[in-house]
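Geometric and topological summary
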Amino acid sequence: MRIVILTGAGISAESGMGTFRDKGGLWENADLMKLATPEGFAEDPAAVHAFYNMRRAKVRSCQPNAAHVALAALQMDPRVEVTLVTQNVDDLHERAGSRDVIHMHGTHLVALCAACGDRWPAPEVMSVETRCVCGGMARPDVVWFGEVPYHMDRIGAALQRADLFVAIGTSGVVYPAAGFVRAAQEFGADTLELNLEPSERATDFARSCFGPATEVVPGWVNEVLT
Ligand code: OAD
(Lines give C-alpha, C1' and ligand atoms only; values in the text may rest on other atoms or scores of the structure.)
Protein backbone atom coordinates (compact mmCIF):
# COMPACT_ATOMS: atom_id res chain seq x y z
CA MET A 1 0.00 0.00 0.00
CA ARG A 2 1.29 3.46 -0.91
CA ILE A 3 0.55 6.09 1.71
CA VAL A 4 1.20 9.83 1.53
CA ILE A 5 1.16 11.50 4.95
CA LEU A 6 0.99 15.27 5.44
CA THR A 7 1.75 16.57 8.93
CA GLY A 8 1.23 20.01 10.43
CA ALA A 9 1.86 21.79 13.71
CA GLY A 10 -0.74 19.65 15.53
CA ILE A 11 1.53 16.59 15.48
CA SER A 12 4.16 18.49 17.47
CA ALA A 13 1.70 20.24 19.82
CA GLU A 14 2.02 17.62 22.55
CA SER A 15 5.82 17.86 22.31
CA GLY A 16 5.37 21.43 23.53
CA MET A 17 5.85 23.27 20.22
CA GLY A 18 2.41 24.90 20.18
CA THR A 19 0.46 25.53 16.97
CA PHE A 20 -0.17 28.59 14.79
CA ARG A 21 -3.93 29.06 14.70
CA ASP A 22 -5.37 27.43 17.82
CA LYS A 23 -6.36 29.63 20.77
CA GLY A 24 -3.11 31.05 22.16
CA GLY A 25 -1.31 29.93 18.95
CA LEU A 26 1.79 31.61 17.53
CA TRP A 27 -0.07 33.81 15.04
CA GLU A 28 -2.34 35.12 17.81
CA ASN A 29 0.59 36.78 19.56
CA ALA A 30 2.91 37.42 16.63
CA ASP A 31 2.35 39.20 13.32
CA LEU A 32 2.52 36.67 10.52
CA MET A 33 3.08 39.41 7.92
CA LYS A 34 6.12 40.73 9.79
CA LEU A 35 7.66 37.36 10.70
CA ALA A 36 6.77 35.00 7.88
CA THR A 37 7.02 36.98 4.65
CA PRO A 38 10.00 38.08 2.50
CA GLU A 39 8.74 41.68 2.89
CA GLY A 40 8.81 41.38 6.68
CA PHE A 41 12.39 40.10 6.55
CA ALA A 42 13.47 42.94 4.24
CA GLU A 43 11.90 45.48 6.60
CA ASP A 44 13.16 44.11 9.92
CA PRO A 45 15.54 41.14 9.59
CA ALA A 46 16.56 41.35 13.27
CA ALA A 47 12.96 40.77 14.42
CA VAL A 48 12.58 37.80 12.07
CA HIS A 49 15.89 36.29 13.27
CA ALA A 50 14.79 36.78 16.90
CA PHE A 51 11.54 34.88 16.22
CA TYR A 52 13.26 31.91 14.54
CA ASN A 53 16.06 31.89 17.16
CA MET A 54 13.32 31.48 19.75
CA ARG A 55 11.67 28.65 17.74
CA ARG A 56 15.05 26.94 17.19
CA ALA A 57 15.80 27.05 20.92
CA LYS A 58 12.29 25.79 21.66
CA VAL A 59 12.55 22.73 19.42
CA ARG A 60 15.93 21.83 20.92
CA SER A 61 14.20 21.61 24.32
CA CYS A 62 11.34 19.43 22.96
CA GLN A 63 11.25 15.71 22.29
CA PRO A 64 9.40 13.74 19.59
CA ASN A 65 6.13 12.27 20.89
CA ALA A 66 4.29 8.99 20.36
CA ALA A 67 2.78 10.23 17.08
CA HIS A 68 6.20 10.97 15.51
CA VAL A 69 7.48 7.60 16.78
CA ALA A 70 4.48 5.71 15.35
CA LEU A 71 5.01 7.25 11.88
CA ALA A 72 8.70 6.31 11.98
CA ALA A 73 7.68 2.71 12.81
CA LEU A 74 5.18 2.73 9.91
CA GLN A 75 7.92 3.86 7.52
CA MET A 76 10.09 0.91 8.62
CA ASP A 77 7.45 -1.68 7.69
CA PRO A 78 8.16 -3.30 4.30
CA ARG A 79 4.43 -3.80 3.57
CA VAL A 80 3.82 -0.07 3.13
CA GLU A 81 5.51 2.62 1.07
CA VAL A 82 5.26 5.89 2.99
CA THR A 83 5.93 9.36 1.65
CA LEU A 84 6.14 11.65 4.67
CA VAL A 85 5.54 15.31 3.87
CA THR A 86 5.62 17.89 6.64
CA GLN A 87 4.78 21.56 6.82
CA ASN A 88 6.74 21.71 10.07
CA VAL A 89 10.14 23.37 10.08
CA ASP A 90 11.34 21.42 13.13
CA ASP A 91 13.26 18.10 13.11
CA LEU A 92 11.02 16.05 15.43
CA HIS A 93 10.18 13.50 12.70
CA GLU A 94 13.88 12.88 12.05
CA ARG A 95 14.64 12.64 15.77
CA ALA A 96 11.88 10.01 16.09
CA GLY A 97 13.68 7.94 13.44
CA SER A 98 11.87 8.96 10.24
CA ARG A 99 13.96 9.15 7.12
CA ASP A 100 13.57 11.04 3.88
CA VAL A 101 11.15 13.59 5.38
CA ILE A 102 9.94 16.08 2.77
CA HIS A 103 10.04 19.52 4.41
CA MET A 104 7.77 21.44 2.05
CA HIS A 105 8.10 24.63 4.16
CA GLY A 106 11.88 24.19 4.69
CA THR A 107 13.55 24.04 8.08
CA HIS A 108 14.77 26.67 10.53
CA LEU A 109 17.74 24.41 11.32
CA VAL A 110 19.30 25.42 8.01
CA ALA A 111 20.60 28.86 6.99
CA LEU A 112 19.99 30.10 3.44
CA CYS A 113 21.96 32.87 1.74
CA ALA A 114 19.48 35.48 0.54
CA ALA A 115 21.95 36.47 -2.19
CA CYS A 116 23.40 33.27 -3.71
CA GLY A 117 21.09 30.55 -2.37
CA ASP A 118 23.85 28.59 -0.61
CA ARG A 119 22.77 26.55 2.46
CA TRP A 120 24.53 25.49 5.67
CA PRO A 121 23.52 24.30 9.17
CA ALA A 122 21.99 27.24 11.02
CA PRO A 123 23.91 28.44 14.07
CA GLU A 124 21.89 28.37 17.30
CA VAL A 125 21.54 32.15 17.10
CA MET A 126 21.30 33.89 13.73
CA SER A 127 21.50 37.65 13.30
CA VAL A 128 21.97 40.29 10.62
CA GLU A 129 25.69 39.66 11.14
CA THR A 130 25.31 36.03 10.00
CA ARG A 131 26.75 36.06 6.50
CA CYS A 132 27.40 33.64 3.67
CA VAL A 133 30.96 33.24 2.32
CA CYS A 134 29.75 35.37 -0.62
CA GLY A 135 28.94 38.20 1.80
CA GLY A 136 25.16 37.84 1.38
CA MET A 137 22.81 38.06 4.35
CA ALA A 138 21.67 34.74 5.83
CA ARG A 139 18.02 33.95 6.48
CA PRO A 140 16.34 30.84 7.90
CA ASP A 141 15.66 28.28 5.16
CA VAL A 142 11.93 28.54 5.78
CA VAL A 143 9.30 29.00 3.05
CA TRP A 144 7.43 32.20 3.83
CA PHE A 145 4.01 33.36 2.64
CA GLY A 146 4.32 34.45 -0.97
CA GLU A 147 7.13 31.95 -1.66
CA VAL A 148 6.83 28.63 -3.46
CA PRO A 149 6.97 25.53 -1.23
CA TYR A 150 9.77 23.05 -1.83
CA HIS A 151 9.59 19.62 -3.51
CA MET A 152 6.20 20.16 -5.14
CA ASP A 153 7.08 17.91 -8.12
CA ARG A 154 7.99 15.03 -5.83
CA ILE A 155 4.87 15.51 -3.71
CA GLY A 156 2.64 15.67 -6.80
CA ALA A 157 4.12 12.43 -8.13
CA ALA A 158 3.57 10.69 -4.78
CA LEU A 159 -0.06 11.89 -4.63
CA GLN A 160 -0.68 10.49 -8.10
CA ARG A 161 0.45 7.01 -7.01
CA ALA A 162 -1.11 7.06 -3.52
CA ASP A 163 -3.63 4.48 -2.32
CA LEU A 164 -4.22 6.53 0.82
CA PHE A 165 -3.66 10.17 1.77
CA VAL A 166 -3.57 11.03 5.48
CA ALA A 167 -3.47 14.57 6.92
CA ILE A 168 -2.38 14.83 10.55
CA GLY A 169 -2.62 17.92 12.78
CA THR A 170 -3.09 20.57 10.11
CA SER A 171 -5.81 23.22 9.96
CA GLY A 172 -6.10 23.00 6.16
CA VAL A 173 -6.04 26.73 5.55
CA VAL A 174 -2.59 27.13 3.97
CA TYR A 175 -2.28 26.22 0.28
CA PRO A 176 -0.95 24.33 -1.58
CA ALA A 177 -0.89 21.75 1.26
CA ALA A 178 -4.59 22.31 1.95
CA GLY A 179 -5.35 21.19 -1.61
CA PHE A 180 -3.57 17.82 -1.35
CA VAL A 181 -6.70 16.00 -0.14
CA ARG A 182 -8.71 16.98 -3.24
CA ALA A 183 -5.77 16.15 -5.52
CA ALA A 184 -5.30 12.72 -3.91
CA GLN A 185 -9.02 12.02 -4.26
CA GLU A 186 -9.00 12.97 -7.94
CA PHE A 187 -6.14 10.50 -8.46
CA GLY A 188 -8.26 7.79 -6.79
CA ALA A 189 -6.84 7.61 -3.26
CA ASP A 190 -8.75 6.98 -0.07
CA THR A 191 -8.41 9.95 2.33
CA LEU A 192 -8.21 10.15 6.12
CA GLU A 193 -8.00 13.10 8.50
CA LEU A 194 -6.43 12.65 11.95
CA ASN A 195 -6.82 15.86 13.95
CA LEU A 196 -7.80 17.14 17.35
CA GLU A 197 -11.05 18.44 15.84
CA PRO A 198 -12.52 18.79 12.33
CA SER A 199 -10.27 21.04 10.23
CA GLU A 200 -11.30 23.54 7.54
CA ARG A 201 -11.01 20.70 5.00
CA ALA A 202 -12.80 18.08 7.12
CA THR A 203 -15.64 17.54 4.66
CA ASP A 204 -13.16 16.79 1.85
CA PHE A 205 -11.96 13.62 3.60
CA ALA A 206 -13.64 10.23 3.17
CA ARG A 207 -12.76 9.21 6.74
CA SER A 208 -11.66 10.92 9.93
CA CYS A 209 -10.64 10.23 13.49
CA PHE A 210 -10.51 13.04 16.03
CA GLY A 211 -8.40 13.25 19.18
CA PRO A 212 -4.88 14.11 20.33
CA ALA A 213 -2.18 13.03 17.87
CA THR A 214 -0.39 10.95 20.52
CA GLU A 215 -3.51 8.77 20.72
CA VAL A 216 -5.06 8.73 17.25
CA VAL A 217 -1.82 8.37 15.26
CA PRO A 218 -0.43 5.30 17.10
CA GLY A 219 -3.97 3.85 17.01
CA TRP A 220 -4.21 4.26 13.23
CA VAL A 221 -0.66 2.94 12.63
CA ASN A 222 -1.50 -0.10 14.71
CA GLU A 223 -4.59 -0.68 12.55
CA VAL A 224 -2.57 -0.46 9.33
CA LEU A 225 0.09 -2.85 10.58
CA THR A 226 -2.23 -5.53 11.98
P1 OAD B 1 -2.21 25.31 12.41
O2 OAD B 1 -1.82 25.93 13.69
O3 OAD B 1 -2.87 26.15 11.39
O4 OAD B 1 -3.17 24.06 12.68
C5 OAD B 1 -2.87 23.10 13.66
C6 OAD B 1 -3.93 22.01 13.63
O7 OAD B 1 -3.55 21.02 14.57
C8 OAD B 1 -5.34 22.48 14.02
O9 OAD B 1 -6.29 21.96 13.10
C10 OAD B 1 -5.57 21.88 15.41
O11 OAD B 1 -6.91 21.50 15.65
C12 OAD B 1 -4.67 20.65 15.35
N13 OAD B 1 -4.16 20.21 16.66
C14 OAD B 1 -3.84 20.96 17.74
N15 OAD B 1 -3.39 20.19 18.75
C16 OAD B 1 -3.41 18.92 18.29
C17 OAD B 1 -3.08 17.65 18.87
N18 OAD B 1 -2.61 17.53 20.10
N19 OAD B 1 -3.27 16.56 18.11
C20 OAD B 1 -3.75 16.64 16.84
N21 OAD B 1 -4.09 17.79 16.25
C22 OAD B 1 -3.91 18.92 16.96
O23 OAD B 1 -0.89 24.61 11.81
P24 OAD B 1 -0.58 24.13 10.32
O25 OAD B 1 -1.81 23.58 9.67
O26 OAD B 1 0.62 23.25 10.39
O27 OAD B 1 3.60 28.03 7.55
O28 OAD B 1 -0.19 25.48 9.62
C29 OAD B 1 0.20 25.47 8.26
C30 OAD B 1 1.27 26.49 8.01
O31 OAD B 1 0.82 27.77 8.48
C32 OAD B 1 2.56 26.28 8.77
O33 OAD B 1 3.43 25.39 8.12
C34 OAD B 1 3.14 27.65 8.85
C35 OAD B 1 1.89 28.37 9.26
O36 OAD B 1 1.85 29.72 9.11
C37 OAD B 1 4.55 28.99 7.42
O38 OAD B 1 5.07 29.54 8.37
C39 OAD B 1 4.88 29.29 6.00
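Details of the structure are given in the entry above.
Let me sum up the structure you'll find in this document. (Residues numbered from 1 in each chain as written. Predicted model: local features only at pLDDT ≥ 70, side-chain atom pairs only at ≥ 80, totals over all residues. Heavy atoms only, no water.)

This part covers the overall build of the protein chain. A tally of regular secondary structure across the protein chain gives 10 helices and 9 strands. Principal-axis analysis of the C-alpha atoms gives the protein chain an extent of 55 × 35 × 30 Å. The buried share of the protein chain, taken over its 226 residues, is 50%. Within the protein chain, counting contacts between residues at least 6 apart in sequence, those at least 24 apart form 64% of the total. Total accessible area on the protein chain stands at roughly 10,500 Å², and carbon and sulfur atoms take up 54% of it. For the protein chain, the separation between the mean place of its 19 positive charges and that of its 28 negative charges on side chains is 2 Å. (Helix = DSSP H or I, 4+ residues; strand = E, 2+ residues; numbered from the N terminus. Buried < 20%, exposed > 50% of the residue type's maximum accessible area, 1.4 Å probe, protein only. Contact = heavy atoms within 4.5 Å. Areas by Shrake-Rupley, 256 points an atom, 1.4 Å probe, with all protein chains shown as cover. Lys, Arg positive; Asp, Glu negative; His and termini not counted. Charge placed at Lys NZ, Arg CZ, Asp CG, Glu CD.)

Turning to unusual backbone geometry, a few remarks are in order. That bond from Y175 to P176 is cis: its omega, 10°, falls within 30 degrees of zero. Considering the arrangement of structural elements, one finds P176 in the loop between β7 (164-168) and α9 (180-186). Even without a glycine there, the phi angle at D100 is positive, about 55°. Relative to the helices and strands, D100 resides in the loop between α7 (92-95) and β3 (102-103). Its relative accessible area of 53% is what places D100 among the exposed residues. Located in the positive-phi region is H151, a residue other than glycine, with phi close to 60°.

A few words now on the sheet that holds strand β2 (residues 81-86). As a general point, the strands of a sheet are linked pairwise by backbone hydrogen bonds and lie either parallel or antiparallel. With parallel pairing, 6 strands are arranged side by side in an open sheet as β3-β2-β1-β7-β8-β9. Each end of this open sheet is capped by a strand with a single partner; those strands are β3 and β9 (207-210). Relative to β2, strand β1 (residues 2-7) runs parallel, the two sharing 6 bridges. Paired with T7 across the two strands is T86, which belongs to β2. (Pairing = 2+ DSSP bridges.)

Next up on the list: the sheet that holds strand β4 (residues 106-113). Here 3 strands make up an open sheet; going across it, the order is β5-β4-β6 and the pairing antiparallel. Edge positions in the sheet fall to β5 (119-121) and β6 (138-142), since each has one partner strand and no second. For this sheet, the mean inter-axis angle between neighbouring strands, taken without regard to orientation, is 45°. Running over the sheet, helix α5 (residues 45-60) touches β4 and β6 and is turned about 135° from β4. (Axes fitted to C-alpha atoms, helices over the stretch in contact; angles between N-to-C directions.)

The next subject is the pairing of β4. Burial of β4 is extensive: 7 of the 8 residues sit out of reach of the surface. One ladder, built from 5 bridges, connects β4 with β6; its direction is antiparallel. Residue L112 lies in a different strand from β6, and its bridge partner there is R139. Summarising the sheet, β4 and β5 pair through 3 bridges and their orientation is antiparallel. For V110, the partnering residue across the bridge sits in β5 and is P121. Counted between consecutive antiparallel strands, the loop separating β4 from β5 contains 5 residues, among which G117 sits at a positive phi close to 85°.

Turning to helix α10 (residues 213-225), a few remarks are in order. It helps to recall that an α-helix has 3.6 residues per turn; residues three or four apart then point in one direction. Compared with the 18 Å implied by 1.5 Å per residue over 13 residues, the 18 Å span of α10 between its first and last C-alpha is a close match. Buried within α10 we find A213, V216, V217, W220 and V221. Burial along α10 is one-sided: seen end-on, the buried residues are contained in an arc of 130°. Summarising the geometry of α10, the exposed residues directed more than 90 degrees from the buried face are E215 and E223. Looking at the buried positions of α10, the neighbouring elements they touch are β1, α1 (9-17), α6 (66-76), β7, β8 (190-195) and β9. (Expected span 1.5 Å × (residues − 1). Arc of directions from axis to C-beta.)

Our focus in this paragraph is the packing of aromatic side chains. Scanning all chains against the criterion turns up 6 aromatic pairs. Between F165 and F205, the aromatic rings sit 6.3 Å apart at their centres with planes inclined by 15°, giving stacked as the arrangement. Of the two residues, F165 sits in strand β7 while F205 sits in the loop between β8 and β9, which places them 40 residues apart along the sequence. Residues F165 and F205 agree in their burial class; the two are buried. A network of ring pairs unites the aromatic residues F20, W27, F41, F51, Y52 and W144 as a single cluster. Residue placement shows R139 over the ring face of W144; its charged tip is 3.8 Å from the ring centre. (Phe/Tyr/Trp six-rings, centres within 6.5 Å; stacked < 30°, edge-to-face > 60°. Lys NZ or Arg CZ within 6 Å of the ring centre and 35° of its normal.)

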